[in-house]
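Structural overview for review
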Amino acid sequence: MTPPKTYSAKLFTDQKPDFAYAEVVFNLPLKDVFTYEIPPHFRGIVKKGMRVFVPFGRRRLTGYVIGISNHNEKNIKLKKIEEVPDLEPVISKELLSLTRWIADYYHSSWGEAIKAALPAGLDDTSLDKLYLTEQGITAIIEDKQSTLSTYILQTLHSKKSLTSKQLERCLKKKYSPSSLAKLKRDGLVGTGNKIKRSSLRYEYEKNVHLAKNLPKQQEIEKLLKRSPKQRETYEYICRGPITISVLKKKIPGSSQSIKSLLEKKLIETSTRKNEKGSISLDLYTEWTAESPPQLNKEQDICYKKLKRTIENSIFKPFLLHGITGSGKTEIYLRCIQLVLNLNKSAVMVVPEISLTPQTVERFRKRFGNQVAVLHSGLTQKERFIEWKKIRDEKVSIAVGARSAIFAPFKHLGIIVIDEEHDTSYKQDSCPRYHARDSAIVRAQKQNAVVLLGSATPSLESIKNVEKGKYHYLSLKSRVHNRLLPIVKVINMKQEMDLKKNFSIFSIALKKAISERITRREQIFLFLNRRGTAGYVSCKECSFAFECPHCTVTLTFHGKRNFLLCHYCNFTTRKPEFCAECGGPVIRFSGFGTQKLEEEAKKLFPQARIDRLDRDTVKGRESFESVHRKMNSGEIDILIGTQMITKGHDFPNVTLVGVIYADISLNIPDFRSAERSFQLLTQVAGRAGRGKVPGLVIIQSLLANHYVFDFVKEHDFRGFSEKELALREKLKYPPFTRMVSIEIESVYEQAGEIFANSIMKSLARILKGTNGIEVLGPARAALYQINNRFRRHLILRSYDYRKLHSVLNRLYEIPEYKKSSNPKIKLILDVDPINLM
């Protein structure tokens, strides 16, 4: 085996041979560790934390080295490592330890956890490509195959080679897996393996050089006699190999000459893979740190407690409970500055929704080029550049969403988790880790401080304060002694019954909006639902148009005149007739942000109105554009979903209207009241952040619900006490621990049979075990999503160790191994956030 092009052979042969075997894990749902032989030319090079490219079955995959040794305990002939893409480990020993904890606690494979800690697109991948054999080409001409087989053959003939997924996308409903399998068996379609190289870590240069078998000089002269441009190009190449990009600069307009010289076989090309050098960083060349504001008394008390702990390098989790507008961010900034003064690094984690241009700008103003920003709006290349800046110690601060907890800093001093209650910190795909809890584990290993901040802490964190696991800090007043907004709750049932007002807007909200527009103040209108109509039904037979792939109704989007499923993105044209009875009258019921925008423009034609939701935000630029307009006063009314609830600080916003506050309360989940309180408190906190006091008007059909009583009084303590008492009676977290076992199946009956067999296996495992309760199996609230049927089993216990013991035994049962079938999928979620 020759060394990869990345390194010279000398680099390897000069190294003293070392360990002969590597333990490798993969980004696959396999908990096994695989042993590979390290070839002599790689010995002494391969280290823990490096990536290796190895054969795996019929494929070749990127794996992660988690151990090296000189012993082959399996005593069998081992496959060899083929390539080593890295000069140094891509993941440190400290992060290997963290990913191992994540894999063990959240029951993923170690490889999946490592993959989550690295930037996307870093690994080379192996693809199985389908192609037509000579027999397949003959079959097209003879035209004797079935219709579905003919579609496959013709598509492969026109596209040359495709993966099975690409073929399925091309053919859509005409794709037949059974027809493809038969074509493979009959030898009409072949499969070849192709390596898709990552373009992030390496750059590929195309070089041109003289052909190895050149004709005689007389023949060359004859070939170039009538082509002066080709002669000029050829003579330049005679000086030595050169990249095509450089050649085109040296001889403008030489593209056609290169092509002709290749056809005449006078030159040849080759592609060279080079590791990318230092990345040109987009840094502020001139920057002056802004002066930090004076801390008020409450802020100063909190900061001094944190300062002592940071300076002593003691691991300690703090919960900073501060009302909206109380100056929590300034405490974060002061703590981060202190950490930098101690030559350590800091990670600031915020929910994706809060990672607004304002948040980033505030950090840039204070810390300049010391900040790397990680968010979903970045391309893979941009994200890799930010990650490399951190890894190469070019920066000392990482600001980002959930995955920022894996920032590869060597000397971590503090991890700040802003809005620690936010549900987006829980990953919804494997590994299903919680960023807050994982950050605490990482900080403990590095003797760093963890600072959790929120105006509405999660009940789990409040319980951890009571147990003494977290240290409580409090900010009870807004900065500059500004008042909290006045909150009014409007009963929309009374509005309709007594005042005969059937508008989206209550009379009080209409009046308040008009007054703010007159005074040139700004307004937020919050509605946590997109679209024009929540559902479309028939007036005659009450038939509601549902998604054919999911058990949800379709939402009407008026601007594009279609019905859309918000779960699988299925679309269809607006119906003219009822699909059930053929009736001509269609009723559009409910409303979303699109409808709200239309109504607002009718009622307030003089106002400048904009909307911020997934339908209007197509990229980071449109998000930033809305911010610029709000700051410059070009928007009077901003309508939006959850996107407007966090991370925004506009002093001129004096009115917040919550249009339909019942949406989150009606979700069938034991956390619905907690989430509703958090959401309403957060959106209310956008009002009155300047000199003018704020007003919040909440419209609801359930105005007597206890959540609204606490929201009106800004009474978090009262709400948490009531909610915790209810949870304790009902045996829900934070008093118990839970594990969700979700069964997804293509066929409904197969899913039901499999769920029942898992239940029987659990009954056998739990026989003689006390303290674990099993709920289900039952249909999930969202029973069908994207043509897959979903069932839930819930395990509940006061002792999380018992739950993990059961899950470890679950892996050993035959039924669990059947879940590798692509038509049946079993998903384990430890400490689940979403039970829908």
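Remember, predicted model here, so these are calculated numbers, not experimental data.

1. Re the overall build of the protein chain
Across its full length, the protein chain carries 27 helices and 32 strands. Here the protein chain has a C-alpha radius of gyration of 31 Å; the compact-globule value for 836 residues is 28 Å, and the two agree. Each principal axis of the C-alpha atoms in the protein chain carries an extent, and together these give about 100 × 75 × 75 Å. The buried share of the protein chain, reckoned over its 836 residues, is 52%. Contacts in the protein chain between residues far apart in sequence, at least 24 positions, make up 76% of those at least 6 positions apart. Carbon and sulfur atoms make up 49% of the accessible area of the protein chain, which totals about 41000 Å². Positive and negative side-chain charges in the protein chain, numbering 139 and 89 respectively, have mean positions lying 2 Å apart.

2. A few points about the sheet that holds strand β11 (residues 316-322)
Spatial ordering of the open sheet is given by β13-β14-β12-β15-β16-β11-β17, a layout of 7 strands whose pairing is parallel. What marks the edges here is a single partner per strand, and that holds for β13 (371-374) and β17 (471-475). On average, adjacent strands in this sheet sit at an angle of 15 degrees to one another, irrespective of strand direction. The pairing of strand β12 (residues 345-349) with strand β15 (residues 412-418) spans 5 bridges and is parallel. Each bridged residue has a counterpart across the sheet, and for Ala-346 the counterpart in β15 is Ile-414. Strands β11, β15, β16 (449-454) and β17 of the sheet are contacted by helix α12 (residues 297-311), whose axis makes an angle of about 150 degrees with β17. Together, β13 and β14 (397-400) form the strand contacts of helix α15 (residues 380-391), whose direction differs from that of β13 by roughly 145 degrees.

3. Focus: empty space enclosed by the protein
Under the criterion given, the structure shown has 2 cavities of 30 Å³ or more. In this structure, the largest cavity occupies an estimated 60 Å³ of space. Residue lining of the largest cavity: Phe-526, Asn-528, Val-658, Tyr-660, Ala-661, Ile-663, Ser-664, Ser-676, Leu-679 and Leu-680, and that is the complete set. Looking at which element gives the most residues to the lining of the largest cavity, the answer is helix α22 (residues 672-684), with 3 residues. For the lining of the largest cavity, the class distribution of residues is 7 nonpolar, 3 polar and no charged. By volume, the second largest cavity is sized at about 40 Å³. The wall of the second largest cavity is formed by Val-25, Phe-26, Leu-28, Leu-30, Lys-31, Asp-32, Ser-109, Trp-110 and Gly-111. At the level of secondary structure, the elements contributing two or more residues to the lining of the second largest cavity comprise β1 (21-26) and α3 (110-117). A breakdown of the residues in the lining of the second largest cavity according to their chemical character gives 5 nonpolar, 2 polar and 2 charged.

4. A short note on the pairing of strand β31 (residues 788-797)
With respect to burial, β31 is a largely interior element, 10 of its 10 residues being buried. Taking every second residue as pointing to the same face, both faces of β31 are buried, with Arg-788, Arg-790, His-792, Ile-794 and Arg-796 on one and Phe-789, Arg-791, Leu-793, Leu-795 and Ser-797 on the other. Where strand β29 (residues 737-745) lies against β31, 9 bridges are found, and the strand directions are antiparallel. Bridging from a neighbouring strand, Ser-740 pairs with Ile-794 of β31. Relative to β31, strand β30 (residues 772-785) is paired through 8 bridges, and the arrangement is antiparallel.

5. Side note on helix α25 (residues 748-766)
Here α25 contains 19 residues, and its C-alpha end-to-end distance of 27 Å stays within 8% of the 27 Å for a straight helix at 1.5 Å per residue. Residues of α25 that are buried: Gly-751, Phe-754, Ala-755, Ser-757, Ile-758, Ser-761, Leu-762, Ile-765 and Leu-766. Directly beyond the C-terminal end of α25, a positive phi value near 85 degrees is found at Gly-768.

6. Remarks on the packing of aromatic side chains
Under the counting rule described, the total for this entry stands at 22 aromatic pairs. Between the aromatic rings of Tyr-783 and Phe-789, the centroid separation amounts to 5.5 Å while the plane-to-plane angle is 55 degrees, which identifies the pairing as tilted. Three or more aromatic residues link up through ring pairs in this structure, and these residues are Phe-677, Tyr-706, Phe-710, Phe-716 and Phe-719. Over the ring of Tyr-151 we find Lys-174; its NZ or CZ atom is 4.7 Å from the centre of that ring. The ring of Tyr-706 is capped by Lys-722, whose NZ or CZ atom sits 5.0 Å from the centre of that ring.

Here is what the cut-offs are and how they apply
- Residues numbered from 1 in each chain as written.
- Predicted model: local features only at pLDDT ≥ 70, side-chain atom pairs only at ≥ 80, totals over all residues.
- Heavy atoms only, no water.
- Helix = DSSP H or I, 4+ residues; strand = E, 2+ residues; numbered from the N terminus.
- Rg over C-alpha atoms; globule rule 2.2 N^0.38 Å.
- Buried < 20%, exposed > 50% of the residue type's maximum accessible area, 1.4 Å probe, protein only.
- Contact = heavy atoms within 4.5 Å.
- Areas by Shrake-Rupley, 256 points an atom, 1.4 Å probe, with all protein chains shown as cover.
- Lys, Arg positive; Asp, Glu negative; His and termini not counted.
- Charge placed at Lys NZ, Arg CZ, Asp CG, Glu CD.
- Pairing = 2+ DSSP bridges.
- Axes fitted to C-alpha atoms, helices over the stretch in contact; angles between N-to-C directions.
- 1 Å grid on protein atoms, 1.4 Å probe; cavity = no way out; pocket = protein on both sides within 12 Å on 5 of 7 lines; lining within 4 Å.
- Points joined across faces, edges and corners; volume = space filled by probe spheres on them.
- Nonpolar A, V, L, I, M, F, W, Y, C, P; charged D, E, K, R; others polar.
- Expected span 1.5 Å × (residues − 1).
- Phe/Tyr/Trp six-rings, centres within 6.5 Å; stacked < 30°, edge-to-face > 60°.
- Lys NZ or Arg CZ within 6 Å of the ring centre and 35° of its normal.

No statement about biological role is implied by the geometric values presented.
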